[in-house]
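Residue-level structural notes
So the chains spell out like this:
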Amino acid sequence: MSPASSHALKHPPVTAPSEPAGAPSDFPELAVAIDRQRRRGRGAQSNASGRFEAEARVAFDDGWQSLEELPPFKTTVGIDTSRKVITRNESPDIGFDRSINPYRGCEHGCVYCFARPTHAYLGLSPGLDFESKLFVKPEAPALLEKELAAPGYEPRMIAIGTNTDPYQPIERERKIMRGILEVLERAGHPVGIVTKSALVTRDIDILARMAKRNLAKVGISVTSLDPKLARTMEPRASTPPKRLEALKQLSEAGIPTTVMVAPVIPALNDSEIERILDAAAHAGVKEASYVLLRLPLEVRDLFREWLMANYPDRYRHVFTLIRDMRGGRDYDAKWGERMKGTGPIAWTIGRRFEIACDRLGLNKRRSKLTTDHFAKPKRNGDQLSLF
């Protein structure tokens, strides 16, 4: 391993829309792609250093074939010792002001995941590290109960799954998410969940009870119905049929469900908008939403590495359309525009989505959660009421 230019590896030059693109020589980051066998079953192609690191390190063959001896990437789990579990935000683009993330990093490996840059704050790569070096918050349920019981706490819907997936594979054995739901149910606190995993159906018993009191709703992201595209782009997430079946089971249990066509990627999965909505409607879904592909920070380079490796013939067209919807840039984080984009292409996607929803009867009514049932958890030392 040898130090290299961090700027060259972490921040490759952006090709202007008017310049020819697509040749391997335009992509210096492709030279540092990890061997396919070492990253088998993963989404990212590389593991470049995060933007806060002083040095960038790359694998370099010194002639002794030492790279062939490197082991494949295996999932490791560390402990997150955060003392608080509720995260606050003030973004006007989203309908919640607080969220919980039981895990840092996500084994699903979705290459486009906008949460990848958060791993840079840990001194790790937003690439393969993000999907193989995970951190769990084992004390999350206890911390949540403590925060809900704090003086002055005012309940509003808590969103879960807005950064990393709460039902990613390690939840099967860790059961942190189930513990959080148990706390929220006891406290009568509303929750909105977003996931790509059919594992959410494990908790139908709790969610159904909460839904009867207007305390829970679930959104499942269905990015594509094409199994090959889904597996390549989201290697360890549930298959499209399993996500649709999860939507059906949740709906039949009386839990408000939303299908999320997210992200919409021009020239890759945008042609599937109507089919995804149609399949979800037949599964009993009543609400739908969509989000345009977002490429903040390191995600841009990881996505274009993946695109060049898997769909090189589409690279130029995809990025030309992305820039048409982002004011000529690869990404525009401006509030009010970052989720939907601007320009005629973005407008067309929005109208197609709305027309399909109208045809299928989606979004006629929006489920609303209530805080009327909230009761602060009892803290140790609290005096019990006589009546």
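Preceding this paragraph is the structure being described.
Every chain begins its residue count from 1, and numbering advances along the sequence as written. A pLDDT threshold of at least 70 governs which residues receive local features in this predicted model, and a stricter bar of 80 or more applies before side-chain atom pairs are shown or counted, although totals over entire chains, interfaces and linings include all residues. Side-chain measures were taken over the full set of non-hydrogen atoms in the model, leaving aside hydrogen atoms and water.

**Some words on the packing of aromatic side chains**
Pairing of aromatic side chains requires ring centres within 6.5 Å, counting the rings of Phe and Tyr and the six-membered ring of Trp. Pairs whose planes differ by under 30 degrees are stacked, by over 60 edge-to-face, and all others tilted. As enumerated under the stated definition, the model contains seven aromatic pairs in all. Their ring planes at 50° and their centres at 4.9 Å tell us that Tyr-290 and Phe-353 sit as a pair that is tilted. Taken together, the positions of Tyr-290 in strand E12 (residues 287-292) and Phe-353 in helix H12 (residues 343-360) put the pair 63 residues apart, joining distant regions of the chain. Three exposure classes are used, based on accessible area relative to the maximum for each residue type with a 1.4 Å probe and protein chains only: buried under 20%, partly exposed in between, and exposed over 50%. On the basis of relative accessible area, Tyr-290 is assigned to the buried category, the value being 10%. A cation sits over an aromatic face here: Arg-51 above Tyr-121, 5.3 Å from the ring centre. A run of DSSP states H or I qualifies as a helix once it reaches four residues; a run of E qualifies as a strand once it reaches two. Both are numbered from the N-terminal end. Charge-over-ring contacts are defined here by two conditions on Lys NZ or Arg CZ: a distance within 6 Å of the ring centre and an angle within 35 degrees of the ring normal.

**Re the packing of helix H5 (residues 176-187) against helix H6 (residues 204-212)**
In this description, a line fitted to the C-alpha atoms serves as the axis of each element, helices being fitted only across the stretch in contact, and the angle between N-to-C directions of two axes falls anywhere from 0 to 180 degrees. Packing of H5 against H6 brings their axes to within 10 Å, and their N-to-C directions diverge by 25°. Our classification of the angle between H5 and H6 gives roughly parallel. Note on packing geometry: the crossing formed by H5 with H6 is left-handed. On H6, the residues that touch Arg-178, Leu-181, Glu-182, Leu-184 and Glu-185 of H5 are Asp-205, Ile-206, Leu-207, Arg-209 and Met-210. Classes in brief: Ala, Val, Leu, Ile, Met, Phe, Trp, Tyr, Cys and Pro nonpolar; Asp, Glu, Lys and Arg charged; the others, Gly included, polar. Considered class by class, the residues forming the contact of H5 with H6 number five nonpolar, no polar and five charged. The cut-offs work like this: below 35 degrees is roughly parallel, past 145 is roughly antiparallel, 65 to 115 is roughly perpendicular, and the gaps in between are oblique. For any helix crossing, the convention is left-handed if the near helix is rotated counterclockwise from the far helix by under a right angle, and right-handed if that rotation is clockwise. What makes two residues a contact is simply this: any of their non-hydrogen atoms within 4.5 Å.

**Topic: the sheet that holds strand E6 (residues 103-104)**
Overall, mixed pairing links the three strands, which are arranged E3-E7-E6 in an open sheet. Each edge of the sheet is formed by a strand with only one pairing partner; in this case those strands are strand E3 (76-79) and E6. Sheet topology places E3 next to strand E7 (residues 133-136); four bridges connect them, and they run parallel. By the bridge assignment for E7, Gly-78 is matched with Phe-135. Paired strands are those between which DSSP finds at least two bridges.

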